Amino acid sequence: MGKRVVNALMVGAGEYTTGSVFTAAGAAPDKPAGVVAITFTDLKRRGRINDMYLADAVGTRMPAVRDTMRTKIAEKYKGMESVNAIKTFPNDDVAFDAEAYKLAIAQCSPGDVVTIFTPDDTHFDIAKACMEAKLHVLVAKPAVKTLDKHLELIQVAKENNVLCCVEYHKRFDPLYTDARDRGDSLGPFSFFNATMTQPKAQLDTFKNWAGKSSDISYYLNSHHIDICAWIAGKSSRPTKVTAFAAMGAANKYLNVSDRKIEDTITLTTEWENKEDGSKGIGIYTASWIAPKSDSHTQQNFHYCGQNGEIRVNQARRGYEMAMDDEQRPFANLNPLYMKYTPGKDGYFSGQNGYGYRSIERFVEVCQQINDGKITKEDVENMGDLATIESSARVTAILEAGRLSLDNSSRGVELVYDKSAPFESEPT
């Protein structure tokens, strides 16, 4: 892997990658132009990315996707015309090709970077194929839905000596980062309570897989489970999960009866501390039946150690805007995530947003690995990126939650290798 600027492949051409949402509501107000394509295009403008590729399963949708990127990126900001040169797969006349990403992989070289933002049940096959092609992978949360698949991805990454990370962008929120850095001063983990809710319009966006291939816990609880584990560190580990769900509104909203869609899911998780065997409790709640409000995602957490506590309300940063706009007359703004308003010079100016920084940081370390400046182990020790090796406990909690729901909310215990160190991941 010579010293060259990496190429970037984006797998999945939906909301998070390109801002393309083919529903009446359109893209969410917190990411109207997507996150991945606009970030890569700006990184290319800055000389950090070379060629860009985009793969999706539906080729017939690609003309509209390219038009969306042209309108929302190339025409809105100076110097972002390269988004129009992104090569897309499959061809525009292909109705559906679940393996179109393999055509795009063939365009890449070992050491290039890949982002995967596709339905949860497709992550494993795509990530595995990319890593076997010696590509570094950044996969959307949750990485996969089961612990056995997660552990297999760890092995694939090891065999191919590539970096695989889970895109937990909240780690780059400066408040969350500071909370993590203060974690040790709070003493052994005792209590964590987090809530994330989004409006019903999200169900329109995700109606093809909601209640089929994934659920709201995998989609949103994954964020704060990772944050809880990140702050608590490896001196505490989850041992048992019990899940509960509210139902009725999602099925009614989508007018579907072929499947049950949980409205809200709460995971209650027991944790064990290494220091003295004391216990902690993590409660993670996620919902997608909230009304439209001043913030697209209502979200907050309360972390309590035995010696102190931290509370964060990510939805309300004290930055508000009101306008003569019937669609959204009042909003709590969060440019700390993604800043889409161009700078006064006309250029994209959202480089400090944690949505941007999460992707930029991944590109940075992959380039450094390729150039021989750091190793995968160095990335693990830095701790800002969620490597596939360090995040298995998040997947274990999510899978245990699903198993609990499918078995009348029975508790599900997480198993560890008794001969392995306390800090090891579940098996």
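Counting of residues starts from 1 at the beginning of each chain's written sequence and follows it residue by residue. Where totals are concerned, whole chains, interfaces and linings use all residues; where local detail is concerned, this predicted model gives features only for residues with pLDDT of at least 70, and gives and counts side-chain atom pairs only at 80 or more. Derived side-chain values reflect all non-hydrogen atoms in the structure, with water molecules and hydrogen atoms excluded from consideration.

Novice: How would you sum up the confidence of the model for the protein chain? Please name residues and give values.
Specialist: Per-residue confidence from the predictor is given as pLDDT, running between 0 and 100. Here the protein chain averages 96 in pLDDT, while 100% of its residues score no lower than 70. Going along the chain from the N terminus, every DSSP run of H or I of four or more residues is numbered as a helix, and every run of E of two or more is numbered as a strand. Mean pLDDT values over the elements of the protein chain span from 91, in helix 8 (residues 201-205), up to 99, in strand 4 (residues 113-116).

Novice: Explain the sheet that holds strand 2 (residues 52-55) residue by residue, including any values.
Specialist: Working definition: the strands of a sheet are paired by backbone hydrogen bonds and lie parallel or antiparallel to each other. For two strands to count as paired, DSSP must find a minimum of two bridges between them. Across the sheet, which stays open at both edges, the seven strands sit in the order 3-2-1-4-5-6-15 with mixed pairing between neighbours. Edge positions in the sheet fall to strand 3 (87-89) and strand 15 (386-387), since each of these pairs with one other strand and no more. Pairing geometry for strand 6 (residues 164-167) and strand 15, over two bridges, is antiparallel. Each residue of the ladder has a partner; that of Val166, found in strand 15, is Ala386.

Novice: I'd like a rundown of the pattern of salt bridges, residues and numbers included.
Specialist: Think of it this way: side chains of opposite charge can pair up when their charged atoms draw near. Here, a salt bridge means any side-chain nitrogen of Lys or Arg that lies within 4 Å of a carboxyl oxygen of Asp or Glu. Here the structure, examined in full by the defined rule, presents 31 salt bridges. Of the charged contacts, one joins Glu360 and Arg46 as a salt bridge, the two residues approaching to 2.8 Å between their closest N and O atoms. Of this pair, Glu360 sits in helix 11 (residues 354-370) while Arg46 sits in the loop between helix 2 (36-45) and strand 2; the two residues are 314 residues apart in sequence, bridging distant segments of the chain. A salt bridge links Arg182 to Asp178; the nearest nitrogen and oxygen atoms lie 2.5 Å apart. In this pair, Arg182 and Asp178 are both assigned in helix 7 (residues 174-182), four residues apart and thus about one turn of the helix distant. Assessed through its relative accessible area of 34%, Asp178 is described here as partly exposed. Three or more residues are tied together by salt bridges with common partners; here these are Arg46, Arg48, Arg357, Glu360, Arg361, Glu364 and Asp384. Type-normalised accessible area, obtained with a 1.4 Å probe on protein chains alone, sets the label of each residue: buried when under 20%, exposed when over 50%, and partly exposed for intermediate values.

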